[in-house]
Amino acid sequence: MREFAGKTAVITGAASGMGYAFAERFAAEGMNVVLADIETDALNAAVTRLEQQERNVLGVEVNTMRRETLENLRDQAVDRYGKIHVLCNNAGVTSRQDAGIGAFPVWKVPDSTWDWVMGVNFWGVLYGVQVFVPHMLEHGETGHIVNTSSVMGLVPSGSAYGVAKHGVLTLTEGLWHHLRAANSNVSASVLCPGFVNTQITDAERNRPEEFGETIEGTPEQRAFFQTLLGEGMDPSDVAELVWRAMVDDQLYILPHAGWREIVRGRVEAILNGGEPVEIDFHDMMQRRARGEVV
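Quick look at the structure, then. (Residues numbered from 1 in each chain as written. Predicted model: local features only at pLDDT ≥ 70, side-chain atom pairs only at ≥ 80, totals over all residues. Heavy atoms only, no water.)

**Things to note about the sheet that holds strand S5 (residues 143-148)**
The cut-off we apply is this: When DSSP finds two or more bridges between a pair of strands, those strands are recorded as paired. Only DSSP runs of H or I reaching four residues or more are called helices, and only runs of E reaching two or more are called strands; each is numbered from the N terminus. We call two residues contacting when some pair of their heavy atoms lies within 4.5 Å. Note on geometry: axes are C-alpha line fits, over the in-contact stretch for helices, and angles between N-to-C directions span 0 to 180 degrees.
Taken together, seven strands build an open sheet; the order of strands is S3-S2-S1-S4-S5-S6-S7 and the sheet is parallel. The strands lining the two open edges of the sheet, one partner per strand, are strand S3 (57-61) and strand S7 (252-253). With five bridges connecting them, strand S2 (residues 32-37) and S3 associate as parallel partners. Looking across to S3, one finds that Leu-35 is bridged to Gly-59. Contacts between helix H2 (residues 40-52) and the sheet are confined to S2 and S3, with S3 contributing the most and set at about 175° to the helix.

Here's what the structure looks like:
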């Protein structure tokens with residue numbers, strides 16, 4: 001995709017973090033930007049900030065676990081701007097009950113946590129593809145879909161978060177091939193970042209009551225992962241890489257070079273019938289201190 005001015009981008013999870021950075025980057029290219037998020041106050045604040053920069057934006061509240069709210073998002077975007085050209089399925093959550101945070105072994109993670117984490121991180125992406133791709137194919141203009149996975153979608157992980165992100169990765173690979181088989185002008189990328197300075201460890205603030213109580217975890221766990229994220233890559237740097245990937249029609253986006261040996265080790269273990277690579281987050285901290293991007 002080479003022309004952006006006057007085109008329209010829709011971004012879920014856009015009120016903060018990477019989603020908001022995507023919105024800023026696309027708006028800087030002259031795009032109309034539709035910000036979607038479950039958090040009403042943060043969404044309104046994000047829209048206001050961009051409007052103050054004289055950007056052409058629209059905010060729509062969504063719960064990506066509910067297909068009908070994504071259908072409403074599509075309809076509002078089309079009503080305002082006519083056509084949608086870029087879709088970023090970016091909304092994501094993690095739970096401190098999840099094995100990925102180290103609070104519980106995988107067999108003790110409650111079904112309610114699996115339902116919530118898989119619902120947002122996988123089903124939300126699938127619903128986005130199902131709802132928006134037919135419209136993007138119908139108008140026939142050049143477009144791009146960016147699905148946010150994670151490095152946890154590339155490495156061993158038994159957490160609900162990791163399982164969902166593995167699903168997003170393979171879903172996007174299939175989408176990429178299907179779009180080409182259809183001879184469409186739409187392409188796709190899968191974003192697999194490592195640690196980015198976002199609020200994802202506080203995602204429990206948006207956990208619906210139907211999925212049980214918010215779990216705080218131990219202060220040590222919370223502080224450890226907040227440190228990893230707080231010192232992580234700036235969302236604006238990730239947004240720049242996403243924009244460049246769309247220009248270059250790049251399927252895989254891996255912003256964090258420090259994870260590549262772990263990814264390579266997993267693939268070699270699969271091919272050689274070996275044991276899964278173990279991820280040492282404390283080693284990650286030491287590597288970051290040495291200047292590696294993790």
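**A few points about the packing of helix H4 (residues 111-139) against helix H5 (residues 160-181)**
Put simply, the test is: Oblique is the label for any angle not covered by the other classes, which are roughly parallel (under 35 degrees), roughly antiparallel (over 145) and roughly perpendicular (65 to 115). Left-handed is the label given to a crossing in which the near helix is rotated counterclockwise from the far helix by less than a right angle, and right-handed is the label when the rotation is clockwise. Side-chain classes follow a simple rule in which Ala, Val, Leu, Ile, Met, Phe, Trp, Tyr, Cys and Pro form the nonpolar group, Asp, Glu, Lys and Arg form the charged group, and the remainder, Gly included, forms the polar group.
Two elements in contact, H4 and H5, have axes separated by 8 Å at closest approach and are oriented at 15°. Looking at the two axes, H4 sits roughly parallel to H5. Two packed elements cross with a definite hand, and for H4 against H5 that hand is right-handed. In contact with Trp-114, Val-117, Met-118, Asn-121, Phe-122, Val-125, Leu-126, Val-129, Val-133 and Leu-137 of H4, H5 contributes Ala-160, Tyr-161, Val-163, Ala-164, Lys-165, Gly-167, Val-168, Leu-171, Leu-175 and Leu-179. Here the residues of the contact of H4 with H5 are counted per class, giving 17 nonpolar, two polar and one charged.

**Quick notes on helix H1 (residues 17-28)**
How we decide: Expected span of a helix: the number of residues minus one, times 1.5 Å. Relative accessibility decides the category of a residue: with a 1.4 Å probe and only protein chains considered, values under 20% of the type maximum give buried, values over 50% give exposed, and everything between is partly exposed.
Compared with the 16 Å implied by 1.5 Å per residue over 12 residues, the 17 Å span of H1 between its first and last C-alpha is a close match. Of all the 12 residues making up H1, nine are buried; the element is thus mostly covered by neighbouring parts of the structure. The set of residues buried in H1 consists of Met-18, Gly-19, Tyr-20, Ala-21, Phe-22, Ala-23, Arg-25, Phe-26 and Ala-27. Among the residues trailing H1, Gly-30 stands out with phi positive, at a value near 85°.

**Remarks on the pattern of salt bridges**
Keep this limit in mind: For this analysis, a salt bridge means a side-chain nitrogen from Lys or Arg found within 4 Å of a carboxyl oxygen belonging to Asp or Glu.
All told, the structure shown has eight salt bridges when counted by the stated rule. One salt bridge connects Arg-74 with Asp-75, and the closest N-O pair in it is separated by 3.0 Å. Residue Arg-74 is classed as partly exposed on the basis of its relative accessible area of 22%. Assessed through its relative accessible area of 36%, Asp-75 is described here as partly exposed.

**Let's talk about the packing of aromatic side chains**
Basically, it comes down to this: We call Phe, Tyr and Trp rings a pair once their centres come within 6.5 Å, taking the six-membered ring for Trp, and we label the pair stacked below 30 degrees between planes, edge-to-face above 60, and tilted otherwise. By definition, being over a ring means that NZ of Lys or CZ of Arg is both within 6 Å of the ring centre and within 35 degrees of the ring normal.
Counted according to the given criterion, the structure contains five aromatic pairs. Ring geometry for Phe-122 against Trp-123: centres 5.6 Å apart, planes inclined by 80°, an arrangement best described as edge-to-face. The exposure class of Trp-123 is partly exposed, given its relative accessible area of 40%. Between Trp-123 and Tyr-127 the ring centres are 5.8 Å apart and the planes differ by 40°, which places this aromatic pair in the tilted class. One end of the pair is Trp-123 and the other is Tyr-127, both in helix H4 and four residues apart, which spans about a single turn. Its relative accessible area of 15% is what places Tyr-127 among the buried residues. Its guanidinium or amino end placed over the ring of Trp-243, Arg-25 lies 4.2 Å from that ring's centre, counting from NZ or CZ. Just above the ring of Tyr-20 sits the side chain of Arg-49; from NZ or CZ to the centre is 4.5 Å.

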